[in-house]
Amino acid sequence: MKIAFAGKGGVGKTTLAAWVSDYLARQGAHVWMLDADTALSLGQASGLLSASLPAPLVTREDLVRERIGQGLLAISAQVDDLPESLAVDAPVSGGNGSGSKKLLVMGTVAAAGSGCACAANALLKALLAHLFLERNDYVVVDLEAGVEHLGRGAIEGVDGLVVVSEPSFRGLETAASISRLAGELGLDNQVLVLNRVASAPASLAVEGLPDRVVTFPPMQGLVERQLESPSVLDLPEQEDIDARVGSLFAMLEEGRRK
Ligand SMILES: Nc1ncnc2c1ncn2[C@@H]1O[C@H](COP(=O)(O)OP(=O)(O)OP(=O)(O)O)[C@@H](O)[C@H]1O
Ligand SMILES: [Mg+2]
């Protein structure tokens with residue numbers, strides 16, 4: 001299963017991606033966590049120190065040159081060794097289980113080095129295609145905020161989309177745009193996460209949202225933790241979070257089988 005997280009800025013995409021990855025790893029899965037955001041925060045949210053995070057792939061001009069050249073041979077670029085060689089291991093909480101989490105910091109094309117951005121883009125796409133289409137592991141992608149970046153390249157091969165929103169009209173409108181765009185790209189297996197809501201609303205005033213919804217309340221433990229650490233794992237609310245992540249995951253699995 002390849003799951004992507006999209007939504008407006010600051011709604012909780014990275015937090016949810018970190019929770020889902022950790023949940024899956026605790027169930028024994030091998031999870032690739034892909035940070036496709038400019039803020040490089042999935043690693044920190046997962047308890048890694050920023051000093052231990054690798055440089056974003058798109059800024060590695062050496063690699064881009066080596067694997068892509070001028071961008072003309074992108075289709076045949078050899079990337080299957082890159083996930084293992086570029087990833088850093090993230091700790092699985094409570095973890096002596098058999099699962100694992102590996103973080104790949106992809107970066108975004110906007111962050112690409114001064115060389116040809118299209119070559120960096122080609123490398124990014126080749127690596128995504130490899131992970132999505134040729135690997136059987138779980139992949140969790142933390143996408144960049146907003147709708148502009150949600151292209152075929154970012155989500156081709158993704159089979160479950162989590163659209164994260166805060167409970168506001170504007171936020172839901174962005175969520176609906178994302179949902180529509182992803183639907184046009186053929187990704188219909190979508191779940192809406194309403195983050196930081198005390199209870200599930202009876203109905204939503206915005207059209208075009210995914211019809212399956214999971215809510216997450218404001219987590220007091222996270223509010224307090226945030227003052228001292230970027231990690232969103234091992235919270236006092238772990239059981240509640242796991243129950244909600246479990247139903248989110250079950251919905252995505254069920255939607256994939258249809
Ligand atoms: N349910 C929650 N309860 C309490 N705090 C939360 C909750 N969800 C997210 N947060 C906090 O809100 C902030 C924003 O969350 P996060 O970084 O996951 O959003 P994002 O959508 O990835 O943002 P960006 O668009 O900047 O990448 C973080 O400080 C996070 O710890
Ligand atoms: Mg984020």
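Cut-off values and rules
Residues numbered from 1 in each chain as written. Chains lettered and ligands numbered in written order. Predicted model: local features only at pLDDT ≥ 70, side-chain atom pairs only at ≥ 80, totals over all residues. Heavy atoms only, no water. Helix = DSSP H or I, 4+ residues; strand = E, 2+ residues; numbered from the N terminus. Buried < 20%, exposed > 50% of the residue type's maximum accessible area, 1.4 Å probe, protein only. Contact = heavy atoms within 4.5 Å. Pairing = 2+ DSSP bridges. Axes fitted to C-alpha atoms, helices over the stretch in contact; angles between N-to-C directions. Parallel < 35°, antiparallel > 145°, perpendicular 65-115°, else oblique. Nonpolar A, V, L, I, M, F, W, Y, C, P; charged D, E, K, R; others polar. Expected span 1.5 Å × (residues − 1).

Tracing the chain through its elements places M33 in strand β2 (residues 30-36). The class of M33 is buried, set by a relative accessible area of 0%. With 68 residues separating them along the chain, M33 and K101 place their C-alpha atoms 6.8 Å apart. Apart from the residues within four sequence positions on either side, M33 is in contact with S21, L42, S46, A90, K101, K102, L103, L104 and V140.

Along a regular strand, successive side chains alternate from one face of the sheet to the other. The element β2 is largely enclosed, with a buried count of 6 among its 7 residues. Where β2 lies against strand β4 (residues 100-105), 6 bridges are found, and the strand directions are parallel. Across the sheet, residue H30 finds its bridge partner in β4, namely S100.

Turning next to the packing of helix α1 (residues 13-26) against helix α9 (residues 238-257). In contact at an axis separation of 10 Å, α1 and α9 are set at 85° when each is read in the N-to-C sense. On the basis of their axis angle, the class for α1 and α9 is roughly perpendicular. Contacts from L16, W19, V20, Y23, L24 and R26 in α1 reach Q238, I241, D242, V245, G246, L248 and F249 in α9. Broken down by class, the residue content of the contact of α1 with α9 amounts to 9 nonpolar, 2 polar and 2 charged.

Moving on to helix α7 (residues 169-184). Helix length check: α7 (16 residues) gives 23 Å between terminal C-alpha atoms against 22 Å at 1.5 Å per residue, within 8%. Along α7, the residues classified as buried are G171, L172, T174, A175, A176, I178, S179 and A182. Of the residues one or two after α7, G186 is the one with positive phi, at around 95°.

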